[in-house]
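Coordinate inspection notes
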Amino acid sequence: MADKFVYRFSEGNKDQKDLLGGKGANLAEMARLGIPVPPGFTITTDACREYLATGEVPPVLRVQVTTALREVEEQLGRELGAATDPLLVSVRSGAKFSMPGMMETVLNIGLNDASVEGLAAVSGNERFAWDSYRRLIQMFGKTVLDIDGEAFSDALEAKKAQRGITADVDLTAEDLRALVDIYKGIVRGATGKDFPQDPRAQLDAAIEAVFRSWNTERARIYRRRERIPHDLGTAVNVCTMVFGNMGDTSGTGVCFTRDPSTGTSGVYGDYLVNAQGEDVVAGIRNTLSLADLERLDADSYKELRAVMRRLETHYRDLCDIEFTIERGKLWLLQTRVGKRTAAAAFRVACQLVDEHLITMDEALGRVSGEQLTNLLFPQFDSAASPQLLTRAMPASPGAAVGEIVLDNERAEARAAAGVTGVLVRRETNPDDLPGMVAAVGVLTARGGKTSHAAVVARGMGKCCVVGAEAMHVDMESRTVRFGDVVLKEGDVIAIDGTTGEVFLGEVPVVDSPVMTYISKGLEAGLEAAADEDTRELVTAVHRLLSHADKVRRLEVRANADTPTDSRRARNRGAAGIGLCRTEHMFLGERRPLVEAVILAEGQEERERSLAALLPLQQGDFEEMFEVMDGLPVTVRLIDPPLHEFLPDLTELSVKVALQRDKAARGEGVDEAELARNEKLLLAVQRMHEANPMLGLRGVRLGLTLEGLFALQIRAVAQAAVARLQAGGDPRPEIMVPLIGSVRELQLVRAEAEKIVADVAAAARVELNIPIGCMIELPRAALTAERIAEEADFFSFGTNDLTQTTWGFSRDDVESTFFPQYVENGVLGVSPFETIDSLGVGKLVTMGVEAGRSAKPGMKMGVCGEHGGDPESVEFFHRAGLTYVSCSPFRVPVARLEAGRAAVMAGGDATA
Ligand code: PEP
Ligand code: MG
């Protein structure tokens, strides 16, 4: 047959998740292992995709279902829905990725007015038979016929109320028989047709309903959130029914081979006597523990334990299991590699190594950078239930509690008074840096994940939530409004940079011992751990991270521009600084000095302004080189969009207009100040750019504003000399931003070489300072072969490269139309967060290849935000980069991911 849409459980295996879905593949695997699985078959995702494309069930599917069904019937000697000893089946969805509770299940298919009597006779349990029938009508009505589920549950409640009982199990066979009539009435009322009595018609309709349920609204929302592609489709499992509701020797349960929240090895599970299907997870009745099961039915318990061990050995991982016991006989209905918390992931991975079930390399594959991230930041105590003000974009993880502070002055004053503050702004710009430094967290109404607030906060490892559109900041009244809630400056809020939630009032924060380990070492981490479980966790993180360090090929550096951050980065295992953004050294108090350089008229004035900056800049570098002694520090020459260093055009225009107006009215105005402002305004107007991000910045500014780069280069060289003379081992590298043409680099390089040589000669020392450039414009990537001739190294600036490849303004798009773009599938995830491997990534790969073709073995790194993103690190490993550079906070995550990339790629893709 051309298309095989149906696989018997005996035909598949666990590696066929694409085709059979997770559930189907694992059922097949268990059947192969000889574990007791009720007979059945799986309808493939191909069939579902065809249905979704054509709106019709493929005709050949019905034929194949007939063949498979007859085989099951023959095997069991029973027929679907027969009047005596009927075979009943369940129909369950099962996609490649688990989508818990998103799509529907129909149990007890095959029951009708005749077979219900047959079931009662063969089971000797009339109540059970009618309970099964009423469940079928309820599930079928809701799932297949789209009848509001409440109609059935209301009828059930009404029946119980009428009988004066509260538990379902207290309903008698008579009650259930009456309920079946009521349910049939509901079906007739809602659809105008009778509940179908033909067992095969029930089966076909249920299969089609499962296909359809792939596209329900909640399934779509879930997939978007979990980044599961919409075009996978689901498989459908048709499985012989076994009954947990056949009395007190029957029951149903779920269990884990290890505790999924801590990783502790043992028996974890819930069991419900005389129950079916979803009863356990639905929380209708209190469940029993597996220890209780041991007391109730020692044989089944023993068999279950053996199966659990078998599965864990076979899958070599924590498994979760669904089982049913039918009159003392154990059946396995499902198993899969179990979901687990981040802490459990690390512990289980190491436990499995210690039990010699997996190797250390494999253990790395069982944990992720995202899980490590989760273990690193302080978290709100989950026991607290604070009032949610809004949910916005999580931009930098962590948990921060503090008073609302609306500007630098307030932030600094409160910090000086020992009070924590959360800086709340409509958006931030470089002027807000002091406030960001003083505050414990940052919350903005505008901006996306690469907005100024987000990038700077991430760099500082400071908790940040951005794009809180529902928040209105009113600087006039100094209030912040969230809907009806109006808060004043000084009121306390709590922000969660992991979830994007903003809460009212104090929320307790708990510290992470894993973070203590990362920054202070194993001993301190173990000491910070409150109990044995946590100590095991800290040890597990240590073992896996150390292994990652051993196997990784990518170096990990940090983006840092202060000695404090550099120290932090070094403690966390950074092998140097990959990006020191020197423009950050010119903000705050020093901004007027740069403004003076930009606005200087004539050579002399400029030289004077520059001279004022030299010692400050040299001091910065000396401190950085000292902290990073013996490790490379990549100093990027200044790269500000010009407007960040100049007063705002509108504000200044208004100021000057008001002063002029006052002067015209003869009111006292400081003439000298007015003249200064007028001059400044002219300059700001002259330099105003409609699109500063694409304007006079980076190397363009350096080549235009004579002396600025020279000053920085001199400061680097002199700082290196000073460190050498102090007995240190400085390793500076000079990096030129925003190169588009090789000629730009040639010009800067010529000047830099001369300055470095002069400084070295004057000090009588040897200075060897590599000069490289950023590749952050498409043209640079496209002409990398030529640029490489002038560069000692490349560093890919994937923030700008993403911005310029897509033509997306990095400060704006994430909070404007990205949500819609994610919704309609243009984007799976923001390309500013995870590298767009097909587009931007291709430019990176081309740049690497072209650069190395000109200069084999050339050192190449990446220093955009992607350098610390788990998925992107894997890409950069494959692209053959030498290092990734990321914020100090993400250094351990990048180390782990680089190790994972190395073991999972199974060798070097490009070397
Ligand atoms: C980049 O563009 O990727 C980069 C690192 O530079 P910046 O973010 O400072 O523009
Ligand atoms: Mg850049």
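Everything numeric here is computed off the predicted structure, so don't read it as measured data.

A count of helical and extended segments in the protein chain gives 36 helices and 31 strands. Dimensions of the protein chain, computed from the C-alpha atoms along their principal axes, are close to 105 × 65 × 55 Å. Look at the contacts in the protein chain between residues 6 or more apart in sequence, and 69% of them connect residues 24 or more apart. In the structure as shown, the protein chain presents an accessible area of about 37,400 Å², 49% of it carried by carbon and sulfur atoms.

With that out of the way, let us pick up the sheet that holds strand β21 (residues 492–496). Spatial strand order, β12-β22-β21-β14-β15-β16-β17-β13: eight strands in an open sheet with mixed pairing. Two strands close off the open sheet at either side, each with one partner strand: β12 (387–391) and β13 (393–396). This sheet shows a mean twist of 30° between the axes of neighbouring strands, independent of strand direction. As defined by bridge partners, strand β14 (residues 399–405) adjoins strand β15 (residues 421–425) across three bridges and the pair is classed as parallel.

Turning our eyes to something else, we now look at the site of ligand 1. Taken together, 14 residues lie near ligand 1, and R581, R636, G797, N799 and R810 sit nearest. Within the side chain of R581, an N or O atom sits 2.7 Å from an oxygen atom of ligand 1. A distance of 2.7 Å is found between an oxygen atom of ligand 1 and a backbone nitrogen or oxygen belonging to N799. Of all the elements in the fold, those that place two or more residues in the shell around ligand 1 are β25 (577–581) and α32 (798–806). Top contributing element to the shell around ligand 1 by residue count: α32, with three residues. Grouping the amino acids of the shell around ligand 1 by side-chain chemistry returns three nonpolar, four polar and seven charged.

Counting 113 residues, the largest nonpolar core has F625, V736, L767, C773, I787, F794 and F796 as its most contacted members. Among all residues touching L767, those that are not within four sequence positions of it are A717, A720, V721, L724, V756, V759 and A760. Judged by nonpolar contacts, the second largest core, of 58 residues, contains L88, A155, L179 and I207.

On to the packing of helix α35 (residues 870–879) against helix α36 (residues 891–905). Running from amino to carboxyl end, α35 crosses α36 at an angle of 50°, the nearest separation of the two axes being 9 Å. Between α35 and α36, the angle is such that the two are oblique. Here the hand of the crossing between α35 and α36 comes out right-handed. Within the contact between the two elements, α35 uses P870, V873, E874 and H877 and α36 uses V893, A894, E897, A898, A901, A902 and A905. Here the residues of the contact of α35 with α36 are counted per class, giving eight nonpolar, one polar and two charged.

Protein coordination at the magnesium ion (ligand 2): the donors are E776 (OE) and D800 (OD), at 2.0 to 2.1 Å from the metal. Of the two residues, E776 is situated in the loop between β28 (771–775) and α30 (778–782) and D800 in helix α32; the sequence distance between them amounts to 24 residues. For E776, a relative accessible area of 1% puts it in the buried group.

Counting through the fold element by element, Y7 comes out in strand β1 (residues 6–8). Residue class for Y7 comes out buried when judged on its relative accessible area of 15%. Measuring from C-alpha to C-alpha, the distance between Y7 and V169 comes to 37 Å, with 162 residues separating the pair along the chain. Those residues within four positions of Y7 in sequence are excluded, and the remaining contacts are Q16, L19, L20, F41, T42 and T44.

Every buried residue of helix α22 (residues 563–571) is accounted for by P563, D565, S566 and A569. For α22, the angular spread of buried residues about the axis comes to 160°, placing them on one side.

Now for the environment of E50. Relative to the helices and strands, E50 resides in helix α2 (residues 45–54). Here E50 falls in the partly exposed class, since its relative accessible area comes to 34%. Between the C-alpha atoms of E50 and A750, which are 700 residues apart in sequence, the distance is 63 Å. Contacts of E50, omitting those with residues within four sequence positions, involve F5, G55, E56 and P58.

Here we take up the pattern of salt bridges. For the coordinates displayed, the defined rule picks out 67 salt bridges. With its nearest N and O atoms 2.5 Å apart, the salt bridge here joins R258 to E312. Of this pair, R258 sits in strand β6 (residues 251–258) while E312 is found in helix α12 (residues 298–315), placing the two residues 54 residues apart along the sequence. For R258, a relative accessible area of 1% puts it in the buried group. R347 is paired through a salt bridge with D533; the nearest N and O atoms lie 3.2 Å apart. Here R347 is found in helix α13 (residues 342–354), whereas its partner D533 is found in helix α21 (residues 532–551), with 186 residues between them in sequence. On the accessibility criterion, R347 (3% relative accessible area) is buried.

So, on to the sheet that holds strand β27 (residues 731–736). Around the barrel, eight strands lie side by side as β24-β25-β26-β27-β28-β29-β30-β31; this closed barrel has parallel pairing. This sheet shows a mean twist of 30° between the axes of neighbouring strands, independent of strand direction. Bridge count between strand β29 (residues 793–796) and strand β30 (residues 859–862): four bridges; the pairing is parallel. If you follow F793 over to β30, its bridge partner there is K859. Seen against the sheet, helix α29 (residues 742–763) touches β27 and β28 and runs at an angle of roughly 150° to β28. Across the sheet, α36 touches β24 (555–559) and β31 (883–886), and the angle it forms with β24 is around 160°.

Let us now look at the packing of aromatic side chains. Per the counting criterion, the structure on display carries 18 aromatic pairs. Their ring planes at 80° and their centres at 5.0 Å tell us that F152 and Y183 sit as a pair that is edge-to-face. With F152 in helix α6 (residues 149–163) and Y183 in helix α7 (residues 173–191), this residue pair connects regions lying 31 residues apart in the sequence. A relative accessible area of 0% places F152 in the buried class.

Counted at 1.5 Å a residue, the expected span for α13 with its 13 residues is 18 Å, and the 19 Å between its end C-alpha atoms agrees. Along α13, the positions that sit buried rather than exposed are A342, A343, A344, A345, F346, R347, V348, A349, C350, Q351, L352 and V353. Positive phi appears at H356, one or two residues downstream of α13, with a value of about 60°.

On to the pairing of strand β20 (residues 485–488), then. Here strand β19 (residues 479–482) pairs with β20 via four bridges, running antiparallel. Bridge pairing in β20 links V480 to L487. The hairpin turn running from β19 into β20, its antiparallel successor, is two residues long, and G483 in that turn takes a positive phi close to 60°.

Rules behind the numbers
Residues numbered from 1 in each chain as written. Chains lettered and ligands numbered in written order. Predicted model: local features only at pLDDT ≥ 70, side-chain atom pairs only at ≥ 80, totals over all residues. Heavy atoms only, no water. Helix = DSSP H or I, 4+ residues; strand = E, 2+ residues; numbered from the N terminus. Contact = heavy atoms within 4.5 Å. Areas by Shrake-Rupley, 256 points an atom, 1.4 Å probe, with all protein chains shown as cover. Pairing = 2+ DSSP bridges. Axes fitted to C-alpha atoms, helices over the stretch in contact; angles between N-to-C directions. Near = heavy atom within 4 Å. Polar contact = N/O pair within 3.5 Å; in protein donor to acceptor, adjacent residues only side chain to side chain. Nonpolar A, V, L, I, M, F, W, Y, C, P; charged D, E, K, R; others polar. Core = buried A, V, L, I, M, F, W, Y, C linked by side-chain atoms within 4.5 Å. Buried < 20%, exposed > 50% of the residue type's maximum accessible area, 1.4 Å probe, protein only. Parallel < 35°, antiparallel > 145°, perpendicular 65-115°, else oblique. Left-handed = near helix turned anticlockwise from the far one by under 90°. Donors = N, O, S within 2.8 Å, 3.2 Å for Na, K, Ca; no water. Arc of directions from axis to C-beta. Salt bridge = Lys/Arg side-chain N within 4 Å of Asp/Glu carboxyl O. Phe/Tyr/Trp six-rings, centres within 6.5 Å; stacked < 30°, edge-to-face > 60°. Expected span 1.5 Å × (residues − 1).

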